[in-house]
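# Summary of structural features
Below are the chains, spelled out letter by letter.
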Amino acid sequence: MRLGSGTFATCCVAIEVLGIAVFLRGFFPAPVRSSARAEHGAEPPAPEPSAGVSSNWTTLPPPLFSKVVIVLIDALRDDFVFGSKGVKFMPYTTYLVEKGASHSFVAEAKPPTVTMPRIKVDNNVTRHLDKVLKRGDWDILILHYLGLDHIGHISGPNSPLIGQKLSEMDSVLMKIHTSLQSKERETPLPNLLVLCGDHGMSETGSHGASSTEEVNTPLILISSAFERKPGDIRHPKHVQQTDVAATLAIALGLPIPKDSVGSLLFPVVEGRPMREQLRFLHLNTVQLSKLLQENVPSYEKDPGFEQFKMSERLHGNWIRLYLEEKHSEVLFNLGSKVLRQYLDALKTLSLSLSAQVAQYDIYSMMVGTVVVLEVLTLLLLSVPQALRRKAELEVPLSSPGFSLLFYLVILVLSAVHVIVCTSAESSCYFCGLSWLAAGGVMVLASALLCVTVSVLTNVLVGGNTPRKNPVHPSSRWSELDLLILLGTAGHVLSLGASSFVEEEHQTWYFLVNTLCLALSQETYRNYFLGDDGEPPCGLCVEQGHDGATAAWQDGPGCDVLERDKGHGSPSTSEVLRGREKWMVLASPWLILACCRLLRSLNQTGVQWAHRPDLGHWLTSSDHKAELSVLAALSLLIVFVLVQRGCSPVSKAALALGLLGVYCYRAAIGSVRFPWRPDSKDISKGIIEARFVYVFVLGILFTGTKDLLKSQVIAADFKLKTVGLWEIYSGLVLLAALLFRPHNLPVLAFSLLIQTLMTKFIWKPLRHDAAEITVMHYWFGQAFFYFQGNSNNIATVDISAGFVGLDTYVEIPAVLLTAFGTYAGPVLWASHLVHFLSSETRSGSALSHACFCYALICSIPVSTYIVLVTSLRYHLFIWSVFSPKLLYEGMHLLITAAVCVFFTAMDQTRLTQS
């Protein structure tokens, strides 16, 4: 079966996405679950332990509180309450913590600290509060406030809006507490007020990772039942966030959730009689022990289970003594011992259950790894054929030996699948699939293995060894090729170290800087060391009917890109040796200077993320004027650099769209209008953002229309070029809308570097499609980090998903967030498609680029899943390696979309030819 290189690469990446999905499902295990079904009804509570006597306590204890109010403040960091901000902005809450009847804790959330939004506008919550507090027809009230989280995502934890929001929350808390106190005279039991947060907030205002600021949240329990002696100073104790569920269940007289892995916060019940305390602890340990039995095969050997059994026996002895003699020192001492035993058992059981989260689905991981490695091997073996001039390769799918091997491998894999799934002690995702789905994956793995074997056989028998450039057999490896090879290998090897993963941006900064130096050396050699009398980079002068025109020589060492007359660079070689020659020599150094400036804009990674950068300076309220000027200047540069390839209609749409971008940022208060420097928000920015979306869609529609028209009018090569550039300009406009104002220079510098590289590097020098593709990929990765991204989930700017939306809409929010995060790689990839389509008429360039792009993206992700599998018990597996794994999976999905676009453009060329 004969396939084009681009089509073959696209199919490979699509299969790789499937393999990564199976691997991720096995790597990230499902939490421990109870096998008890709700349809069987609620199980009766465990009776009180007894030793030779019958106990009369076989039901759940009565509730401890009459009403419970839970105030959940999204992204409430512990130092917002217990630190200086709490003293300044939450005085009432600080008073309750220091002197009131309350218990304070620091609740630690488990990473990744990611939650899904549920309720949007805070005023919408508070405006119903007075009415609900006056009514008495409720037992529990839950208030979820999201405003603090939104402020953090937009302007960070040091924004002046943080203090205003904390003061607002303090007033809400005071209103609720006062109301609950006034109602206690009418109720037989005290009331309980709970203040908590779901996660914290990083120094950049986001969350998702495992830093102290993100995982530590305040947990304050306020009730008149908690007696406090004068001068009693209580320091917040660190507990687990999972302990809240068990504590609230006991407080409300409800069964503890069967899937809960938390333990009772004992200070809540320490004022109750000893028998009640032991009863509460017994119910909690019974629930955890049942969960342990259902999720751990060898639960009887677990230390926590052994401690539970010992505690239960001692508890039974205490009950017997209690029924015989209620007041004695022996009874009190034995009760204290049982209580300590229960607390130790709870702690051990909770740790054992939490450790089950680190149990991996090895079988699913191995299936995904096999598929991904088969695809990578096939891509590597196909390099000699895929990069030939015709950009086609033979995929052996119908050879006689293939059928026998294919069915044999399927039988072996099916047998392995049956053996693993019938003998597995724990749950397995791949075993839980239907036989049709699992069989499909096995057929795919078998086909990949057989194709790989066939290709390898052809390579060994035919003696096809990969050369630097299969198009030109006599070409040699240049310094640039060696840099690409060593840089790719070095980056892949660096992924095995946690420090290099945390600071991966340094790797890409180093690679693009080294690339600029290599290009500078190449231009110097070509323009100062050439002594053969020919234009150094293959540019020769041809005499045609219309005079001298520049064309590319097609010989050893020349570029793969072929240019027709009228599509060359300068009109004569003498022009290139003049002013433009010096621009060629200066371009690498200008690019190097741009990269250095961009590094100062956003500190990223871990080691230096806390240090101030230019972005922090610009986003502070004292420098809004400077940010406004910089944003306006960046948008002007974007327009100047992008409009040159657009049609008149698209130019007008682009200008209006960029103006709308500035108006949107001014509307939400990020920048200022020149004529209204002290203006307040004109609107929420919804109208302005949607105004920009209209122009984005219009430009994309115009570009798509031109591409479709170019398929009909085969001779109109310029129409296809304009269509591709308009699609590119539409993506640029969308990126300008989603980028924060201080990141607009990143977009402007990206376009400037692309312009310099196009005019003074790729056109004059002899770079083939593979080299140009790798350079686009490297710069795309570097600009991913220039935006301020990292391998930490907390750096994902989720506010981009809400631009122009007045409510949470899942699909647009996900798409906008993904594009805003990966705008750098996507824009460089789309520029690559336009450059190769406009600078060449040879049909192989796009196919070569698609294949190289797929290969250079597949190498790191394939290697990384092997490294992650071997490092799955590493100390930093969840805080460092697993977030990077999610980024690699998402990047591969983006790559698949890019390859589809490459292939579509390549099919357009085939249709025209």
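Our focus in this paragraph is the overall build of the chain. Scanning the chain for helices and strands turns up 34 helices and 10 strands. For the chain, the residues scored as buried account for 54% of the 913 residues in total. Of all intrachain contacts in the chain linking residues separated by at least 6 positions in sequence, the fraction that spans at least 24 positions is 79%. When the accessible surface of the chain is summed, it comes to about 40700 Å², and 62% of that surface belongs to carbon and sulfur atoms.

To continue, consider helix α10 (residues 243-252). Most of α10 is tucked away, with 9 of its 10 residues classed as buried. Buried within α10 are the following residues: Asp-243, Val-244, Ala-246, Thr-247, Leu-248, Ala-249, Ile-250, Ala-251 and Leu-252. Each element contacted by the buried residues of α10 is listed here: β2 (68-73), β4 (140-145), β5 (192-196), β6 (216-222), β7 (237-240) and α11 (274-295). Where α10 terminates, the next one or two residues include Gly-253, which has phi positive at roughly 70 degrees.

So, on to the confidence of the model for the chain. Taken over all residues, the pLDDT of the chain has a mean of 83, while the share at 70 or more is 86%. Across the chain, element-level confidence peaks in helix α30 (residues 769-786) with a mean pLDDT of 95 and bottoms out in strand β10 (residues 547-552) with 33. Across residues 470-474, confidence stays below pLDDT 50; counting only partners more than four residues off in sequence or on other chains, it has 17 contacts. Note that residues 531-575 has pLDDT below 50 and, in this model, 97 contacts with residues that lie over four places away or in other chains.

Among the nonpolar cores identified, the biggest contains 154 residues, and Phe-8, Leu-733, Ile-753, Met-757, Trp-778, Phe-779 and Phe-851 are the most heavily contacted of them. With 15 residues, the top contributor of residues to this core is helix α33 (residues 844-870). With residues up to four places along the chain from it excluded, the contact list for Phe-779 reads Val-512, Leu-515, Cys-516, Ile-591, Cys-595, Ile-753, Met-757 and Trp-828. Of all hydrophobic cores here, the second largest spans 52 residues; its members include Phe-65, Ala-249, Leu-252 and Leu-291.

Looking at the secondary structure, you find Asn-216 in strand β6. In contact with Asn-216, other than residues within four places in its own chain, are Leu-76, Arg-77, Asp-78, Val-106, Ala-107, Glu-108, Gly-200 and His-238.

Remark: helix α27 (residues 686-712) packs on helix α28 (residues 717-738), axes separated minimally by 7 Å, with the N-to-C direction vectors making an angle of 160 degrees. The angle between α27 and α28 places the two elements in the roughly antiparallel class. Two packed elements cross with a definite hand, and for α27 against α28 that hand is left-handed. A breakdown of the residues in the contact of α27 with α28 according to their chemical character gives 17 nonpolar, 7 polar and 4 charged.

A few words on the packing of aromatic side chains. Tallied over the entire structure, the rule returns 27 aromatic pairs. Its end group placed over the ring of Trp-138, Lys-67 keeps NZ or CZ at 4.6 Å from the ring centre.

Our next topic: unusual backbone geometry. Not every positive phi belongs to a glycine, and Ala-75 is a case in point at roughly 65 degrees. Assignment of secondary structure puts Ala-75 in the loop between β2 and α2 (78-82). A relative accessible area of 1% means that Ala-75 is categorised as buried.

Another aspect to go through is helix α12 (residues 303-324). Over its 22 residues, α12 runs 32 Å from end to end, which matches the ideal 32 Å to within 8%, given 1.5 Å per residue. Of the surrounding secondary structure, the elements contacted by the buried residues of α12 are α11 and α13 (329-355). Structurally, the start of α12 carries an N-cap: the backbone nitrogen of Gly-304 is 2.9 Å from a side-chain oxygen of Asp-302.

Spatial ordering of the open sheet is given by β4-β2-β5-β6-β3-β7, a layout of 6 strands whose pairing is mixed. Pairing within the sheet leaves two strands with one partner each, and these edge strands are β4 and β7. The mean angle between the axes of side-by-side strands here comes to 20 degrees, regardless of whether they run parallel or antiparallel. Alignment of β5 against β6, held across 4 bridges, turns out to be antiparallel. Bridge pairing in β6 links Leu-195 to Ile-220. Against the sheet, helix α8 (residues 160-183) engages β2, β4, β5 and β6, with an angle of about 165 degrees to β5.

So, about the state of the cysteines. A full pass over the atoms with the stated rule returns 1 disulfide. Two residues, Cys-421 and Cys-431, share a disulfide whose sulfurs are 2.1 Å apart. In this structure, the disulfide formed by Cys-421 and Cys-431 twists by about -85 degrees around the S-S bond and is classed as left-handed. Separated by 10 residues along the polypeptide, Cys-421 in helix α16 (residues 400-423) and Cys-431 in helix α17 (residues 429-432) bring together distant segments of the chain. The class for Cys-421 is partly exposed, based on a relative accessible area of 26%. Cysteine Cys-12 is unpaired, with the sulfur of Cys-11 as its nearest cysteine sulfur at 7.0 Å. Looking at Cys-850, it has no disulfide partner, and the nearest cysteine sulfur is the one in Cys-899, 4.1 Å off.

Attention now moves to the pattern of salt bridges. Following the criterion strictly, the structure yields 13 salt bridges and no others. With a shortest N-O distance of 3.0 Å, Arg-272 and Glu-276 are connected by a salt bridge. The exposure class of Arg-272 is partly exposed, given its relative accessible area of 35%. What emerges from the salt-bridge pattern is a single network uniting Arg-77, Asp-79 and Glu-203.

So, how was this worked out
Residues numbered from 1 in each chain as written. Predicted model: local features only at pLDDT ≥ 70, side-chain atom pairs only at ≥ 80, totals over all residues. Heavy atoms only, no water. Helix = DSSP H or I, 4+ residues; strand = E, 2+ residues; numbered from the N terminus. Buried < 20%, exposed > 50% of the residue type's maximum accessible area, 1.4 Å probe, protein only. Contact = heavy atoms within 4.5 Å. Areas by Shrake-Rupley, 256 points an atom, 1.4 Å probe, with all protein chains shown as cover. pLDDT = per-residue confidence, 0-100. Core = buried A, V, L, I, M, F, W, Y, C linked by side-chain atoms within 4.5 Å. Axes fitted to C-alpha atoms, helices over the stretch in contact; angles between N-to-C directions. Parallel < 35°, antiparallel > 145°, perpendicular 65-115°, else oblique. Left-handed = near helix turned anticlockwise from the far one by under 90°. Nonpolar A, V, L, I, M, F, W, Y, C, P; charged D, E, K, R; others polar. Phe/Tyr/Trp six-rings, centres within 6.5 Å; stacked < 30°, edge-to-face > 60°. Lys NZ or Arg CZ within 6 Å of the ring centre and 35° of its normal. Expected span 1.5 Å × (residues − 1). Polar contact = N/O pair within 3.5 Å; in protein donor to acceptor, adjacent residues only side chain to side chain. Pairing = 2+ DSSP bridges. Disulfide = S-S within 2.5 Å. Salt bridge = Lys/Arg side-chain N within 4 Å of Asp/Glu carboxyl O.

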